[in-house]
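For reference, the chains in residue letters:
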Amino acid sequence: MSITISSKPTSIVHKKKRVNARNIQYFLLLLPPLVFFIVAMIIPLIMGIYNSFTDWDGISLEKNWIGFTNYIEIFKDEMFIESFKFTGLFMIFNTIIQNVAAFFFAVMLDSSIKAKNFYRTIIFAPVLLSPILVGQIWTKMYGTILPSINDLFALSINFNLFSSPNTVLTGLLVANNWQWIGYWMLIYLAGLQAVPKDIYEACTVDGGNWWQKFIHITIPMLGPSITICTIGIATGSLKVYELIVASTGGGPGDSSKSTIMHIYDTAFMSQQSSYASAMSVVFLLVLLIFAFIQLKVLRKREVEL
Amino acid sequence: MKKGFKWVHLIMIISIIGSLLVACSSSSSGTSKDGKVTLKVLDWNNTNTKETEKMIKETVEKELPNVKLEFEYINWDTDFSSVMQTRIAGKQLPDIIMIKGGDHPKYTEHLMDLSTEEFMSEFPEDIRKALQIDGKDYAVPYTSNFQGVFYNKRIFTENNIEIPKTWDELMAVAETLKSKGITPFTSHFKDYQIGNSFNQFATIEVYSKNPTWGNDLQKGKVSFATSPEFKTVFEHFEEIYKYSNKDPFGLDFTGAAEMFAKEETAMWIIGTWSTAQVLKNNPDLEIGFFPTPATDEKNTKIIMQPDHTFSASATTKHPKEVKQVLEVFATNKDMAKKYIDIVQTESLIPDVVSAVQAPYVEDINNYKSIGAADANLGNVQIPWPYQEQSGNYIAEWLLGNKTLDKALKASDDFKSKVKFSTK
């Protein structure tokens, strides 16, 4: 007993010294990214928050402090509210469709069907494209490729989903899900493959059928994957920009203008930089609250091995 | 031994960080080793850019052997203001900037005052005046575009259609064409056309009566909702929409040019920048031109806009060379002529006339001699984002998501959400 006590302090001192020497190295290695992070993220963030309390137009050499005027204005801005509604709907549908579809494909392709590598590649391929390209592909698809089917079979189905405010959301959801399902499928696949096979065997021995296995083993074991996917899809959808710019440009009218797009247009087209900064701050707070709630709710449901 | 190894580690890490930081300091425009000065040019022209760039570089570098030009291209209607804003904020404004006539008031603080330069006296007083701000010159005028109705000559002759002089006559023409199974108008409401036509219609219907309407709007003296003239402007869109190709909200400029070139439609309300794209698709197309008809015949005028102009950054490191290049732009008539022939537009340099022989060029010259309306009258007072946003409200009205009165009211409400360039 006494030997162990006396030997401990020396080992701790020794360890501390070594850790300190290492620390300098690690710190130095971390320094460049840290500097970039501070210069590219933290400083602009603080500047943005400061600007949101001024009347700066983005170009002019003078700035005046105007307090909370911009923030009060946001809640009277119909366009901001409309764009927020659009972004919200886009996020809700994406989260549901992508989660369910990715989960479905993952379970399908984790089974022993034929040519599963082929299907995995096909479903994953669109992930590699840039959203700009996806926007253009689907513009062509709705605009010229699908309507030519109409001509071929003498039909009159309205394929151009991007040219009416009533269908533009559906059109964008199709394009966005087509691109991203493969990515989230991959995460679910990795999750599925990490589930120990002996749990399933135990369930079989206990007389459980495939449905019971799915509900009581697969879904709880995939808890962490569900958390990652849900948060990833939701935040990704809230930040949607390139896809819309490359496909509808926010139109027809303002019907597919996302919040980020509205902020961008306000800052760089209408030259209301400080007002756009205020909107960004509000949007950031919403995102943070949202991510926090999601994390709290989803973490509760996860099981640990 | 072990200690030495640690030092090697540290030195390696420091050298990595050092090299990263060195890589950060990129070289911007400046003097290179061979004594040549590289000047950056921001250019938004999008017609035959490869040819114009080659031609300008050759001419300028021949006249000024110590200068090298470096071009950067952007899209005017989607990117120009954001690029300018970020460059100004980052203090990285290119040395020479192509600015669209009408955009200057927004950027005067950051542009070089050219009023005292000798080469500015080359230009007639009225052209200089059109671009001056508080009596000072900030740009070398270069080209102008013309806006109005481009039409298919063959369709018009075959159907014995006379050129309409009023809006009602235009609608009668549209009705005749429609009854014969021909689509009257090419409409590409997916991109900027509503915004552009907005200014065209407003120029002939509103600003012809009240040239300071935009300033009055800013001061609260007039409004969209209470202006019968602006109601007419909005209603014009409803009529155009009625006589347009299928699905105009799904069609963009390129698609529209193709449609007009393939003779699927008879007319296109646009500007001279479209003809090069149309003729690329169908070089044999006979395009005619007439001014956009106003409700009242006396306001039916060809609409002219000073278009490409060249300005200099106020903070350039090479003011002498920049001024020399601008002088070449202002005085080299040979280059100006080549430029308008490639871009297929009209020059603002005195005595430079286009060699392009096309029916629409003749038509434009005829109408121009009668007198033109200046598009920038409206563009300066109601900035482009405002025009575009009003265009969005018009779109929502046409698609049944707003009433006409709501669309007009929404245009009024947008007033506080946009920065005006005039005071």
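Where an unreviewed UniProt entry is consulted, chain B appears under the name Raffinose/stachyose/melibiose transport system substrate-binding protein, with the organism given as Neobacillus niacini. Its UniProt record gives chain B a comment under Sequence similarities (unreviewed entry), which states: "Belongs to the bacterial solute-binding protein 1 family."

## Points about the overall build of chain A
Looking only at helices and strands, chain A has 12 helices and zero strands in total. Along chain A, from the amino end to the carboxyl end, the secondary structure elements read α-α-α-α-α-α-α-α-α-α-α-α. For 305 residues, the compact-globule estimate of 2.2 N^0.38 gives 19 Å, and the C-alpha radius of gyration of chain A, at 26 Å, exceeds that figure by more than 25%. Projected onto its principal axes, the C-alpha positions of chain A cover 85 × 65 × 30 Å. Out of the 305 residues in chain A, the part that is buried amounts to 42%. Of all intrachain contacts in chain A linking residues separated by at least 6 positions in sequence, the fraction that spans at least 24 positions is 69%.

## Considerations on the domain arrangement of chain B
Residue and element names in this part refer to chain B. One can read the domain layout of chain B as domain 1 (37-142 + 307-347) and domain 2 (145-305 + 359-417). Centre-to-centre, using C-alpha coordinates, domain 1 lies 29 Å away from domain 2. For the pair domain 1 and domain 2, the two sides together bury roughly 1200 Å², of which 48% comes from carbon and sulfur. Taken as a group, D77, Q344 and E346 account for 42% of the area that domain 1 buries against domain 2, more than any other trio of residues on that side.

## A look at the environment of N45 of chain B
All names here are of chain B. Following the sequence through the fold, N45 ends up in the loop between β1 (37-43) and α2 (49-63). Those residues within four positions of N45 in sequence are excluded, and the remaining contacts are T52, Y73, M98, H308, Y339 and V343. In terms of polar contacts, N45 uses its side chain to reach the backbone amide nitrogen of T47, at 3.1 Å.

## A word on the side chain of S390 of chain B
The topology assignment puts S390 of chain B in helix α17 (residues 384-398). Sequence-distant contacts of S390 of chain B, defined by excluding residues within four places in its chain, comprise F198, F224 and S411 of chain B.

## Observations concerning the side chain of N70 of chain A
Residue and element names in this part refer to chain A. Along the chain, the position of N70 falls in helix α2 (residues 69-74). Residue classification places N70 among the buried residues on the basis of a relative accessible area of 8%. Among the polar contacts listed, one links the side chain of N70 to the backbone oxygen of T54, at a separation of 3.0 Å. Within the structure, N70 has its side chain in polar contact with the side chain of S274 (distance 3.5 Å). Look past the residues within four positions of N70 in its chain and what remains in contact with it is S52, T54, S274, Y275 and A278.

## Re the pairing of strand β8 (residues 287-290) of chain B
All names here are of chain B. Burial along β8 is two-sided: I287 and F289 and G288 and F290, pointing in opposite directions, are all buried. Bridge count for strand β5 (residues 143-152) against β8 is four bridges, and the pairing is antiparallel. Looking at the pairing, F150 lines up with F289 of β8.

## Quick look at the interface of chain B and chain A
Opposite the 38 residues of chain B that make contact, chain A presents 35 residues. Counting each side, the surface lost to burial between chain B and chain A is near 3200 Å², with a carbon and sulfur contribution of 59%. On the chain B side of the contact with chain A, Q85, K417 and K419 of chain B bury the most area, a combined 21% of that side's loss. The tally of links between chain B and chain A comes to two salt bridges. Here E73 of chain A and K417 of chain B are joined by a salt bridge, their closest N and O atoms 3.1 Å apart. The tally of links from chain B across to chain A stands at 14 residue pairs in polar contact (both at pLDDT 80 or more). Elements with a contribution of two residues or more to the side of chain B that touches chain A: α1 (2-24), α3 (76-89), α4 (104-107) and α17 of chain B.

## With respect to the sheet that holds β1 of chain B
Residue and element names in this part refer to chain B. If you trace the five strands from one edge of the open sheet to the other, you get β2-β1-β3-β10-β4, paired in mixed fashion. Every interior strand has two partners, whereas the edge strands, β2 (67-73) and β4 (140-141), have only one. Here β1 pairs with strand β3 (residues 96-100) via two bridges, running parallel. The residue of β3 that forms the bridge with L42 is I97.

## Looking at the packing of aromatic side chains
All names here are of chain B. For the structure on display, the rule yields 53 aromatic pairs over all chains. Summarising the aromatic geometry, the rings of F71 and Y73 are spaced 6.1 Å apart at their centres and angled 15 degrees between planes, so their arrangement reads as stacked. For F71, a relative accessible area of 14% translates into the label buried. The class for Y73 is partly exposed, based on a relative accessible area of 31%. Aromatic side chains Y142 and F329 sit 5.4 Å apart centroid to centroid with 85 degrees between the ring planes, which places their arrangement in the edge-to-face category. With Y142 in the loop between β4 and β5 and F329 in helix α13 (residues 319-331), the pair connects residues that are 187 residues apart, well separated along the chain. Neither residue differs from the other here; Y142 and F329 are each classed as buried. Through successive ring pairs, a cluster of aromatic residues spans F198, W213, F224, F230, F234, Y386, F414 and F420.

## Things to note about helix α8 (residues 193-207) of chain B
Across its 15 residues, α8 of chain B extends 19 Å between first and last C-alpha, which sits within 8% of the 21 Å expected from 1.5 Å per residue. In the structure, α8 of chain B departs most strongly from a straight axis at F201 of chain B, where the bend amounts to approximately 30 degrees.

## Comments concerning the domain arrangement of chain A
On domain assignment, one finds that chain A holds domain 1 (1-42) and domain 2 (69-301). Domain 1 of chain A and domain 2 of chain A are separated by 41 Å when their C-alpha centres are compared.

## Here's the deal with the pattern of salt bridges
For the coordinates displayed, the defined rule picks out 22 salt bridges over all chains. Note that E258 of chain B is salt-bridged to K262 of chain B, the shortest N-O span being 3.1 Å. Judged by relative accessible area, K262 of chain B falls into the exposed class, the value being 51%. Among the ionic contacts, a cluster of salt bridges with common partners joins D254, K257 and D265 of chain A.

Rules used in this analysis
Residues numbered from 1 in each chain as written. Chains lettered and ligands numbered in written order. Predicted model: local features only at pLDDT ≥ 70, side-chain atom pairs only at ≥ 80, totals over all residues. Heavy atoms only, no water. UniProt positions renumbered as here; feature names shortened; annotations may be inferred. Helix = DSSP H or I, 4+ residues; strand = E, 2+ residues; numbered from the N terminus. Rg over C-alpha atoms; globule rule 2.2 N^0.38 Å. Buried < 20%, exposed > 50% of the residue type's maximum accessible area, 1.4 Å probe, protein only. Contact = heavy atoms within 4.5 Å. Domains from an automatic or database assignment. Buried area = accessible area lost by both parts, 1.4 Å probe. Polar contact = N/O pair within 3.5 Å; in protein donor to acceptor, adjacent residues only side chain to side chain. Pairing = 2+ DSSP bridges. Salt bridge = Lys/Arg side-chain N within 4 Å of Asp/Glu carboxyl O. Phe/Tyr/Trp six-rings, centres within 6.5 Å; stacked < 30°, edge-to-face > 60°. Expected span 1.5 Å × (residues − 1). Bend = angle between axes of the 7 residues up to and from the residue.

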